[in-house]
Amino acid sequence: MDDITRPQADPIDTLPPGFRWGVATSSYQIEGAVAEDGRTPSIWDTFCRVPGAVSNGETGDVACDHYHRMPQDVALVAELGLDSYRFSVAWPRVQPGGRGPANPAGLAFYDRLVDELLGRGIDPWVTLYHWDLPQELEDAGGWPHRDTAHRFADYAELVFAALGDRVKTWTTLNEPWCSAMLGYAYGQHAPGRRSLGDGIAAAHHLLLGHGLAVRRLRAAAAEPIELGITVNLSTADPASDSAADRDAARAADGLGNRLYLDPLLRARYPQDVVADLAAEGVRIPVRDGDLATIATPIDVLGVNFYFGQLFSGVDERGRDRDDEGRPVRRAVRRDLPRTAMDWEIVPDSFTDLLVRLSRDYPGVPLVITENGAAFDDRPNPDGFVADDDRVAYLAEHLRAVARARQAGADVRGYFAWSLLDNFEWAYGYDKRFGIVRVDYDTQRRTPKRSAYWYRDTVRRVRGQR
Ligand code: IFM
């Protein structure tokens, strides 16, 4: 029996010295200033203008106005006592149009940001692509077009030439599944295409662009750097032990997780997914040598985790085939607490996922590059949000990380998503993920209770009480 008189040790306290603690953001979600200093439109500037594409017709035109408030935002990260800040570079800001020379005025912003971070003892972690493809490259075919991978490698090298003397950790892409599938297959994100074939071609060319960029950066680096990619992963559990449910879970895991992990870490596409796609008339446009490029060794795998899912192979009417004769693959709603995104809160699945990664894809260190939650925040008259729901979410997920480490997963850091409330893509400003509240009328920043909780937790774990 537990001794209830003795305080239980919190697994979070087992996170080791040297564990990275940070917060993350991305360019289009916070910067604003979309037409300043030579920046040209990205696919998100265009998509936001499509009627009905984004909640309330909102755009990233101003967002958190971070472009003009950057030092104040860096000061917030410093006040939270975090050692790392993950941000993304806006491609159309630093290389307008997506090809040709760098735009010095655009690069200067990131130059100042890196210096500001380093000046405050915060390690900059750069993501090169967090979804803001220059519109001109979309007009030329976008990610389903192979040439975009080469354009990305050129762009990566150009950013590295400007910041590589100070930035030691580089992520090529954020969440290629979202760029490919939400953007090109399901039409929910920019550029809003709805074609499975385009989605899969986009996924392959994103991965190819990643591999090409890793090679270029490694060759250009004068000193050792940490290179990697961030994937959004989820768990897909079968609703029952039936063959149909197990197959639905296999297919969901294949399309969501293994389609990215296998080429990156095993230099091959998963054959079951290749077969599923073939049944839909879709082929991955792989050419000789592509898989070797994609699997160029990386130093860190960024993992973004928000929720898990349960899958069934039968629909509500008990059928295992849909009207077109395709196998049913249905996410089943569980009776579980959910965030404002309607995402299930399943921290144990996070542990399972991390343990599974270290078992199935050993040898690559993991960093949680995003984890967090949107809730319906209710600020008091001073703008303070007592977001106990978010505190609980972060605490449970950090415990999940600590438990995964205890079970052998090589997790080396954690970034909360996000520093600020920001533009949540198709949801506009409705969904708030920040640990710092942003009042969009005044641009006032107010740390929420979760920000103080995070600061105090990091201090405690580091033994700095
Ligand atoms: O806001 C996004 C982020 O841009 C990518 N990962 C998921 C977050 C929450 O939806």
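It should be emphasised that the depicted structure is a prediction, and the values quoted were computed from it without experimental measurement.

Trainee: Describe the UniProt feature "active site" (unreviewed entry) in the protein, with residues and values.
Mentor: UniProt's entry tags Glu-175 and Glu-370 with the feature "active site" (unreviewed entry), counted in the numbering of this structure. Over a stretch of 196 residues, the named residues converge on one spot in the fold, their C-alpha atoms separated by at most 10.3 Å. Looking at the secondary structure, you find Glu-175 in the loop between strand 4 (169-174) and helix 8 (176-185). A residue is classified by how much of its surface remains accessible, and Glu-175, at 6% relative accessible area, is buried. Discounting residues that sit within four places of it in the chain, Glu-175 has contacts with Trp-131, Thr-230, Val-231, Asn-232, Asn-304, Tyr-306 and Glu-370. Structurally, Glu-370 can be placed in strand 10 (residues 366-370). In this view, Glu-370 contacts Arg-86, His-130, Asn-174, Glu-175, Val-303, Asn-304, Phe-305, Tyr-306, Phe-415 and Trp-417; residues no more than four positions away in its chain are not counted.

Trainee: For the pattern of salt bridges, give the residues involved together with the corresponding values.
Mentor: In this structure the tally under the stated criterion is 56 salt bridges. The salt bridge partner of Asp-147 is Arg-151, with a shortest N-O separation of 2.7 Å. Here Arg-151 and Asp-147 lie together in helix 7 (residues 147-163), a separation of 4 residues that amounts to about one turn. Note that Glu-316 and Arg-330 form a salt bridge whose closest N and O atoms lie 3.5 Å from each other. Of the two residues, Glu-316 sits in the loop between strand 8 (309-312) and strand 9 (330-332) while Arg-330 sits in strand 9, which places them 14 residues apart along the sequence. Judged by its relative accessible area of 69%, Glu-316 falls in the exposed class. Ionic contacts of the salt-bridge type, sharing partners, join the residues Asp-247, Arg-250, Asp-253, Arg-258, Asp-272, Asp-276, Arg-329, Arg-356, Arg-359 and Asp-360 into one network.

Trainee: Account for the packing of aromatic side chains, with residues named and values stated.
Mentor: Applying the stated criterion across every chain, the model contains 32 aromatic pairs. Through pairs of rings, three or more aromatic residues link up here, namely Tyr-28, Trp-44, Phe-47, Trp-131, Phe-423, Trp-425, Tyr-429 and Tyr-440.

Trainee: Residues and numbers for the nonpolar core, please.
Mentor: Core analysis: the largest hydrophobic core is formed by 139 residues, its most contacted members being Trp-44, Tyr-85, Tyr-129, Trp-170, Leu-354 and Tyr-454. Element by element, the count of residues in this core is highest for helix 14 (residues 388-406), at 9 residues. Residues in contact with Trp-44, not counting those within four places in the same chain, are Tyr-28, Val-54, Trp-131, His-189, Ala-190, Phe-423, Trp-425 and Ala-426.

Trainee: Break down the UniProt feature "binding site: substrate" (unreviewed entry) in the protein for me, with residues and values.
Mentor: UniProt feature "binding site: substrate" (unreviewed entry): in the numbering of this structure it lies at Gln-29, His-130, Asn-174, Tyr-306, Trp-417, Glu-424 and Trp-425. By the secondary structure assignment, Gln-29 is in helix 1 (residues 27-30). Those residues in contact with Gln-29 that sit more than four places away from it in its chain are Ala-63, Cys-64, His-130, Trp-417, Asn-422, Phe-423, Glu-424 and Trp-425. Polar side-chain contacts of Gln-29 include one of 2.8 Å to the side chain of Ser-26. Structurally, Glu-424 is set in the loop between strand 11 (411-417) and strand 12 (436-439). Not counting residues up to four positions away in its chain, the partners in contact with Glu-424 are Gln-29, Met-341, Trp-417, Lys-431 and Phe-433.

Definitions and limits used
Residues numbered from 1 in each chain as written. Predicted model: local features only at pLDDT ≥ 70, side-chain atom pairs only at ≥ 80, totals over all residues. Heavy atoms only, no water. UniProt positions renumbered as here; feature names shortened; annotations may be inferred. Helix = DSSP H or I, 4+ residues; strand = E, 2+ residues; numbered from the N terminus. Buried < 20%, exposed > 50% of the residue type's maximum accessible area, 1.4 Å probe, protein only. Contact = heavy atoms within 4.5 Å. Salt bridge = Lys/Arg side-chain N within 4 Å of Asp/Glu carboxyl O. Phe/Tyr/Trp six-rings, centres within 6.5 Å; stacked < 30°, edge-to-face > 60°. Core = buried A, V, L, I, M, F, W, Y, C linked by side-chain atoms within 4.5 Å. Polar contact = N/O pair within 3.5 Å; in protein donor to acceptor, adjacent residues only side chain to side chain.

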